[in-house]
Amino acid sequence: MQSRRHRSRAVVALATAALLCGGALTACDAQGDNSPASGGPPAHGKPSPRPTPVWDTSPRSLAAVGDSITRGFDACSVLSDCPEVSWATGTDAEVDSLATRLLGKARAGSHSWNHAKTGARMADLTGQIEQAATERPELVTVMTGANDACRPSAASMTSVSQFRADFQEAMRTLRRELPKAQVYVSSVPDLKRLWSQGRTNPLGKQVWKLGICASMLADPDDLDTAATQRRAAVRERVVAYNDVLEDVCDKDRRCRYDGGAVFDYRFDGDQLSHWDWFHPSKNGQSRLAEIAYRQVTSRKPAV
């Protein structure tokens, strides 16, 4: 009898619930409360706001750090910097620098700064970042590493472990000084491809004799085994540097690596300096600006 009474009460309760729900099975949830049906909008309250994206595709100020490429070296005259054609912060209309594309010509003049130094290596990056931090930029562009491979000999190239330690130190400094700044990191160019393009130009090879990137460019017409192995070792070191740049950058949520875009770019005679046939020309600087702008304004990072 006790069991029958219990079952009767259960039947009555279920019938009452069915009447209250109007016979519509989805009007009440499985828990018997007043929560909305699965997948439907909330019954009360405002929709949750969308989270703010970590990467801002339209930063309002920019500081550049790096080496001779960012200084526009040999783009205007032999063995001289030409920062007005810099891919990052230049003012030349033909280049249409990253700063101009992002900020507009007027604002770029007052809200972009170039702290790169010709000849700089990764070990110098921390000092450049400390200088850049005084302007409180929203975006910092980094293009360095070529001079770590461009040494008097292949044996004197910066080790991969030291390169990593130097880059990590620079990023720690940046985060301490500029915790919310975004960082765009360019890959190191393919130095071997630059050698293969420039070695066909007599003027370029004369300038190379002055000591430009001897580890790759020395004896440019020598194709024996030792020279071939030397150039291959320099290229392998550049590839390893780029792996470091990608790995360290990936660990920082506000850092974006270019996915190897600069390394993969096939610079030709039009994009190389007609003084040394190794550094980017004004045309080459413009191509670098295009690559950077595409990377910075993309909603998703390169893969």
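Residues numbered from 1 in each chain as written. Predicted model: local features only at pLDDT ≥ 70, side-chain atom pairs only at ≥ 80, totals over all residues. Heavy atoms only, no water.

A short note on the environment of aspartate 270
Moving on, step 1. Tracing the chain through its elements places aspartate 270 in the loop between helix H11 (261-264) and helix H12 (282-297).
Moving on, step 2. According to the relative accessible area criterion, aspartate 270 is exposed, its value standing at 54%.
Moving on, step 3. On a C-alpha basis, the gap between aspartate 270 and lysine 282 in space is 8.9 Å, while along the polypeptide they are 12 residues apart.
Moving on, step 4. Filtering out sequence-adjacent residues up to four positions away, aspartate 270 remains in contact with Ser281, Asn283 and Gly284. (Helix = DSSP H or I, 4+ residues; strand = E, 2+ residues; numbered from the N terminus. Buried < 20%, exposed > 50% of the residue type's maximum accessible area, 1.4 Å probe, protein only. Contact = heavy atoms within 4.5 Å.)

Quick look at the sheet that holds strand S2 (residues 112-114)
Moving on, step 1. In spatial order, the strands read S2-S1-S3-S4-S5; together these 5 strands make up an open sheet with parallel pairing. Both outer strands of the open sheet, S2 and strand S5 (255-257), are each paired with one neighbouring strand and no more. For this sheet, the mean angle separating the axes of adjacent strands, direction not counted, is 15°.
Moving on, step 2. Relative to strand S4 (residues 182-185), strand S3 (residues 139-143) runs parallel, the two sharing 4 bridges. Paired with valine 140 across the two strands is valine 183, which belongs to S4.
Moving on, step 3. Contacts from helix H10 (residues 225-250) reach S4 and S5 within the one sheet, and its direction differs from that of S5 by about 150°.
Moving on, step 4. Contacts from H12 reach S3, S4 and S5 within the one sheet, and its direction differs from that of S4 by about 135°. (Pairing = 2+ DSSP bridges. Axes fitted to C-alpha atoms, helices over the stretch in contact; angles between N-to-C directions.)

Re the pairing of strand S1 (residues 62-66)
Moving on, step 1. Along S1, 5 of the 5 residues are buried, which leaves the element largely enclosed by surrounding structure.
Moving on, step 2. Here S1 shows no split at all, with Leu62, Ala64 and Gly66 on one side and Ala63 and Val65 on the other all buried.
Moving on, step 3. With 3 bridges joining them, S1 and S2 adopt parallel strand pairing. Considered in S2, the bridge of alanine 64 is made with asparagine 114.

Observations concerning the pattern of salt bridges
For side chains bearing opposite charge, pairing can occur when the charged atoms are close.
Moving on, step 1. According to the stated counting rule, one finds 13 salt bridges in the structure shown.
Moving on, step 2. Among the salt bridges present, the one from arginine 164 reaches aspartate 247, with a minimum N-O distance of 2.7 Å. Taken together, the residues span a long stretch of sequence, with arginine 164 in helix H6 (residues 160-177) and aspartate 247 in helix H10 at a distance of 83 residues.
Moving on, step 3. With relative accessibility at 28%, the residue arginine 164 sits in the partly exposed group.
Moving on, step 4. With a shortest N-O distance of 3.8 Å, arginine 199 and aspartate 221 are connected by a salt bridge. Here arginine 199 is found in the loop between helix H7 (191-198) and helix H8 (202-208), whereas its partner aspartate 221 is found in the loop between helix H9 (214-217) and H10, with 22 residues between them in sequence. (Salt bridge = Lys/Arg side-chain N within 4 Å of Asp/Glu carboxyl O.)

Brief notes about the nonpolar core
Moving on, step 1. Membership of the largest hydrophobic core comes to 66 residues, with the highest contact counts inside it found for Trp87, Val185, Leu191 and Phe278.
Moving on, step 2. Broken down by element, this core gets its largest block of residues, 7 residues, from H10.
Moving on, step 3. Excluding anything up to four places from it in sequence, phenylalanine 278 contacts Cys150, Leu191, Leu194, Trp208, Ile212, Cys213, Leu217, Leu272 and Ser273. (Core = buried A, V, L, I, M, F, W, Y, C linked by side-chain atoms within 4.5 Å.)

Description of the side chain of aspartate 276
Moving on, step 1. You can see aspartate 276 is positioned in the loop between H11 and H12.
Moving on, step 2. In this structure, aspartate 276 is buried with no salt-bridge partner, the nearest side chain bearing the opposite charge being arginine 71 at 14 Å.
Moving on, step 3. Looking at aspartate 276, its side chain comes within polar contact range of the main-chain nitrogen of phenylalanine 278, at 2.8 Å.
Moving on, step 4. Separated by 2.7 Å, the side chains of aspartate 276 and histidine 279 make a polar contact.
Moving on, step 5. In this structure aspartate 276 touches Phe73, Asp74, Gly204, Val207, Trp208 and Ile212, once residues within four positions along its chain are discounted. (Lys, Arg positive; Asp, Glu negative; His and termini not counted. Polar contact = N/O pair within 3.5 Å; in protein donor to acceptor, adjacent residues only side chain to side chain.)

As for H6
Moving on, step 1. Taking 1.5 Å per residue, 18 residues should reach 26 Å; H6 reaches 26 Å between its end C-alpha atoms and fits that length.
Moving on, step 2. Within H6, the full set of buried residues consists of Phe163, Asp166, Phe167, Ala170, Met171, Thr173 and Leu174. What you see down the axis of H6 is that its buried residues fit within an arc of 155°, all on one side. Exposed residues on H6 whose side chains face more than 90 degrees from its buried face are Ser161 and Arg176.
Moving on, step 3. In this fold, the buried residues of H6 make contact with helix H4 (125-133), S3, helix H5 (146-149), S4, H10 and S5. (Expected span 1.5 Å × (residues − 1). Arc of directions from axis to C-beta.)

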